[in-house]
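Notes for the structure review
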Amino acid sequence: MNGEHKITSGHRARTALVYLRQSTLMQVREHTESTLRQYALADTAIALGWAPRDVEVIDRDLGLSGTSAAHRAGFRELMSRVCLGEVGAVPGLEISRLGRSNADLARLAEMARLTGTLLIDSDGVYDLADFNDWLVLGLKSTMSQAELHIMAGRLQAAKRAAAERGELRAPLPVGLVYDADGMIVTDPDAEVQAAVADIFACFLAAGSAYGVVAAFAGRKFPQRAYGGAWAGQLRWAPLTHHRVLQVLKNPAYAGAYVYGRCVTRKKIDADGNVRTVTADLPRAQWPVLIKDHHPGYITWEEYLAIEARLAANHTGGGGRPVREGTALCQGIIICGGCGGPMAANYHGDDRASYECHSHRDGKKTPGCRSITAHAVDDAVAGALLAALTPEQVALALAAAGEVTSQHQRTSRAAELALERARYEADRAERAFSQVEPENRLVARTLEARWEAKLAALADAGQALAAAQAALPPLPDRASLAKLAAGLPKLWHAPTTTPRDRKRLLRTLIADVTLLPEANRAKARIGIRWHTGAADEIVIDRPRPTGVPAPTPTPATGLIRELGPVTSNTDLVTLLAQRGYRTGAGRPFDIKAVQWVRHAYQIPSPSPCRDTEISVAEAARQLGCSPGVVYYWIETGQLDARRSPGGRLCIPWTPATDADCRARITSSGHLNPAARRTRPRQHR
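A brief report on the enclosed structure follows. (Residues numbered from 1 in each chain as written. Predicted model: local features only at pLDDT ≥ 70, side-chain atom pairs only at ≥ 80, totals over all residues. Heavy atoms only, no water.)

On to the overall build of the protein. Within the protein one finds 24 helices and 23 strands. Residues counted as buried form 34% of the 683 residues belonging to the protein. Within the protein, counting contacts between residues at least 6 apart in sequence, those at least 24 apart form 58% of the total. Carbon and sulfur atoms make up 55% of the accessible area of the protein, which totals about 40600 Å². (Helix = DSSP H or I, 4+ residues; strand = E, 2+ residues; numbered from the N terminus. Buried < 20%, exposed > 50% of the residue type's maximum accessible area, 1.4 Å probe, protein only. Contact = heavy atoms within 4.5 Å. Areas by Shrake-Rupley, 256 points an atom, 1.4 Å probe, with all protein chains shown as cover.)

Shown next, in the form of structure tokens:
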């Protein structure tokens, strides 16, 4: 072998480490000759003078690509043992097979140079301490990585060419299959077709991916297995939110053939390891997009509408989707004091209120307010219904006609730009066609100019398509007038859900603002319409629930005068005899009288007889807490009766007083002196 004289007894005293690698498992299974040749390198090391016990084989990386060492545990073991100086030589069929990455081979070569490790392949023995060997090995490493780049580029170009024709076969999502001729068709299984179609129907009804998951509760969704012995088998599993998004975002269901929706990138994590991550590309950057390529479940326009709906549902991107609950302005109401959003808080029985987030964040300003939801919702709904009268619709149609004319003028400008770009492209094509093929200097310049004009033509076409897509269709006057006439009935219909009302509200109203108002009894509401117009509404704040209207003065005076000596039952009778009523116009009852006592601090008559006292009075006379008296009553040590009003009355005599005081004196808990006079108990 060339360079065998470089092997010394010092190298043979260390281990000869044979490293095996095959790029894929298919190569391991089908290219067995290469694997056998690599295992035979152990015999080569023995022939070069290493003892059999000093020859080791590392074959943990069979089936792993050599483009990176991040996932190759065998290569990392090889590097660590070389760094420790345990390895005398590393034999291989060719050194480039140790790794396709020039950086990995450069690190291995540097460690081999520092530790005096030899690298051996069929071309000879490399001593990295020798500059010539280091130079030759570096060139071979660079050529290996260049070879990998050229091969990958050739393969990717072939895939791109097949994809541009729509002929590159790739795994299809469930619901689509290849027929006998290799064409993409809908799955012949009717159950699978129905499940996929129901995904889009449920999303149209619910408006969110979570709504689709809820609609599929108790029902399973199909999925195809790819790869292995189970390839092509149909499986059924519960539908998840991630699975719904995969279906809704896949353009294949819209009959489009797409190549290059995702791209892989290398990233370095916190541990310094190189990771491969997959990222989705924007639709404008898809390399290949062929519409109407095969039958689909939805149209391309429906796919774009679903994409826009999903983007509007994304709260992290500023979306404000319709949520559950009865609060109509939930998600679109803003605090006019601090400019922050207001949350809808529910207090049971579907009673909601709008509260500024600043209350929670500790950033409340003097202008921040909270208000019951029904007050704002009723005012905003009234403004919405008032804006959709036939007269307002007529004005809107006139304004919409002017807007449509402006859009048409914009579209006309884009059409003229496209026509000019097409003329420039045709002119550049004619110039390129007229040049002689042998005159490559001129032909290259004209070809580049033609390609630039074609790119400008494509941009002009996209600009025209965007301008036309931005032009909304204008409904006829009859349908709008009919809608305006029937909208109040539809709005108040019991079959109309709060979610439907929220959707209708958001079609015309962009947001609602609770503006600061000096008068605390009033609330000022700002409404911003999608047209850019703004309105303000001032309403009366609703009274806090549970607080009755003020009681008339004659009734209050009677309760003040007779309350300390008259029971609540007798007061109800007297008030009824005189015809007095509460502030709400209802006859007085026990609860109404109790509320007036509480509001005006009117004491109730004592329920105790002349020979009885209350628990509080007994505790005051005995000098103890009321809890002690309650304990004696509960344990039967003290007699008491309960009055009709529920209060305890204690029959009190001198004997009862003396008995209670004696009980306190003898209690070690109530009288610390009693504890000190008791003899200690020695254990």
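Still more to cover.
This brings us to the packing of helix H21 (residues 615-622) against helix H22 (residues 626-634). Contact pair H21 / H22: the axes reach a minimum separation of 8 Å and the direction vectors enclose 115°. Viewed along their axes, H21 and H22 adopt a mutual orientation that is roughly perpendicular. In this structure, H21 crosses over H22, and the sense of that crossing is right-handed. Counting all contacts with H21, which are made through Val 615, Ala 618, Ala 619 and Leu 622, the residues of H22 involved are Pro 626, Val 629, Tyr 630, Trp 632 and Ile 633. (Axes fitted to C-alpha atoms, helices over the stretch in contact; angles between N-to-C directions. Parallel < 35°, antiparallel > 145°, perpendicular 65-115°, else oblique. Left-handed = near helix turned anticlockwise from the far one by under 90°.)

The pairing of strand S4 (residues 118-121) with strand S5 (residues 124-127) spans four bridges and is classified as antiparallel. From the neighbouring strand, Ile 120 faces S5, where its bridge partner is Val 125. Connecting the antiparallel pair S4 and S5 is a turn made up of two residues. (Pairing = 2+ DSSP bridges.)

What follows deals with the sheet that holds strand S23 (residues 648-651). Pairing is antiparallel across the open sheet formed by three strands, whose spatial order is S21-S23-S22. Of all strands in the sheet, those bounded by a partner on one side alone are strand S21 (612-613) and strand S22 (641-642). As paired strands, S22 and S23 are joined by two bridges and run antiparallel to one another. What sits directly across from Arg 641, in S23, is Cys 649.

With that out of the way, let us pick up the state of the cysteines. In the structure shown here, the tally under the stated rule is zero disulfides. The closest cysteine sulfur to the non-disulfide-bonded Cys 356 is located on Cys 338, 3.3 Å from its own sulfur. With no disulfide partner, Cys 649 has as its closest neighbouring cysteine sulfur the one in Cys 608, 3.3 Å distant. Among the residues examined, Cys 649 registers a relative accessible area of 0% and is labelled buried. (Disulfide = S-S within 2.5 Å.)

The end-to-end C-alpha separation of helix H11 (residues 300-313) is 20 Å, in line with the 20 Å expected for 14 residues at 1.5 Å each. Among all positions in H11, only Trp 300, Tyr 303, Ile 306, Leu 310 and Asn 313 are buried. Each buried residue of H11 lies within a common arc of 140° when the element is viewed along its axis, so the set occupies one face. Of the exposed residues in H11, those oriented more than 90 degrees away from the buried face are Glu 301 and Ala 311. (Expected span 1.5 Å × (residues − 1). Arc of directions from axis to C-beta.)

Across the sheet, three strands lie side by side as S15-S16-S17; this open sheet has antiparallel pairing. This sheet does not close on itself; its edge strands, each paired only once, are strand S15 (342-346) and strand S17 (370-372). Averaged over all pairs of adjacent strands, the angle between strand axes in this sheet comes to 25°, irrespective of strand direction. Against the sheet, helix H13 (residues 373-387) engages strand S16 (352-356) and S17, with an angle of about 75° to S17.

This next bit is on the nonpolar core. Within the largest apolar cluster, 35 residues are counted, with the highest numbers of intra-cluster contacts made by Cys 329, Tyr 354, Val 376, Val 380, Leu 505 and Ile 525. Elements with a minimum of two residues in this core: strand S14 (333-335), S15, S16, H13, helix H16 (477-492), strand S18 (509-515), strand S19 (522-529) and strand S20 (534-540). At nine residues, the largest contribution of residues to this core is made by H13. Membership of the second largest hydrophobic core comes to 32 residues, among which are Ala 195, Leu 239, Leu 245 and Ile 298. (Core = buried A, V, L, I, M, F, W, Y, C linked by side-chain atoms within 4.5 Å.)

With that settled, the discussion passes to the packing of aromatic side chains. A full pass over the atoms with the stated rule returns six aromatic pairs. Taking the centre distance of 6.0 Å and the plane angle of 70° together, the rings of Tyr 19 and Phe 75 count as edge-to-face. With a gap of 56 residues between them, Tyr 19 in strand S1 (residues 15-22) and Phe 75 in helix H5 (residues 73-83) connect regions that are remote in the sequence. With relative accessibility at 2%, the residue Phe 75 sits in the buried group. One Lys or Arg, Arg 169, reaches over the ring of Tyr 178 and ends 3.8 Å from the middle of that ring. Positioned above the aromatic ring of Trp 632, the side-chain terminus of Arg 663 is 4.9 Å from the ring centre. (Phe/Tyr/Trp six-rings, centres within 6.5 Å; stacked < 30°, edge-to-face > 60°. Lys NZ or Arg CZ within 6 Å of the ring centre and 35° of its normal.)

A separate point is the pattern of salt bridges. For the structure on display, the rule yields 21 salt bridges. One salt bridge in this structure joins Arg 609 and Glu 612, with 4.0 Å as the shortest N-O distance. A relative accessible area of 8% places Glu 612 in the buried class. Note that Asp 657 is salt-bridged to Arg 661, the shortest N-O span being 2.7 Å. On the criterion of helical spacing, the pair formed by Asp 657 and Arg 661 is a turn pair, its members being four residues apart in helix H23 (residues 654-666). (Salt bridge = Lys/Arg side-chain N within 4 Å of Asp/Glu carboxyl O.)

As a further point, take the pairing of S18. Of all seven residues making up S18, seven are buried, and the element is well covered by its neighbours. Bridging between S14 and S18 involves three bridges; their strand directions are parallel. Along S18, the bridge assignment pairs Ile 334 with Thr 513. In the sheet, S18 pairs with S19 via six bridges, with the strands oriented antiparallel. From the neighbouring strand, Asp 511 faces S19, where its bridge partner is Arg 528. Taking the residues between adjacent antiparallel strands as the criterion, S18 and S19 are bridged by six residues.

Here we take up the environment of Pro 516. Within the secondary structure, Pro 516 is located in the loop between S18 and S19. For the pair Pro 516 and Gly 337, spaced 179 residues apart in sequence, the C-alpha separation works out to 5.9 Å.

By the element assignment, Asp 187 lies in the loop between strand S7 (184-186) and helix H8 (190-206). Residue classification places Asp 187 among the buried residues on the basis of a relative accessible area of 2%. Those residues within four positions of Asp 187 in sequence are excluded, and the remaining contacts are Gly 175, Leu 176, Val 177, Val 192, Gln 193, Arg 224 and Tyr 297.

Even without a glycine there, the phi angle at Asp 292 is positive, about 55°. By the secondary structure assignment, Asp 292 is in the loop between strand S13 (288-290) and H11. Here Asp 292 falls in the exposed class, since its relative accessible area comes to 69%. Backbone geometry places Gln 601, a non-glycine residue, at a positive phi of 55°. In this fold, Gln 601 is placed in the loop between helix H20 (590-600) and S21.

Another aspect to go through is the environment of Pro 366. Within the fold, Pro 366 resides in the loop between helix H12 (358-361) and S17. Sequence-wise, Pro 366 and Cys 338 are 28 residues apart; in three dimensions their C-alpha atoms are separated by 8.9 Å.

With that out of the way, let us pick up H5. Among the residues of H5, those classed as buried are Gly 74, Phe 75, Leu 78, Met 79, Arg 81 and Val 82. One side of H5 holds all its buried residues, which, seen down the axis, span an arc of 170°. Against the buried residues of H5 lie S1, strand S2 (55-62), strand S3 (87-91) and helix H6 (102-115). Just past H5, the residue Gly 85 takes up positive phi, approximately 75°.

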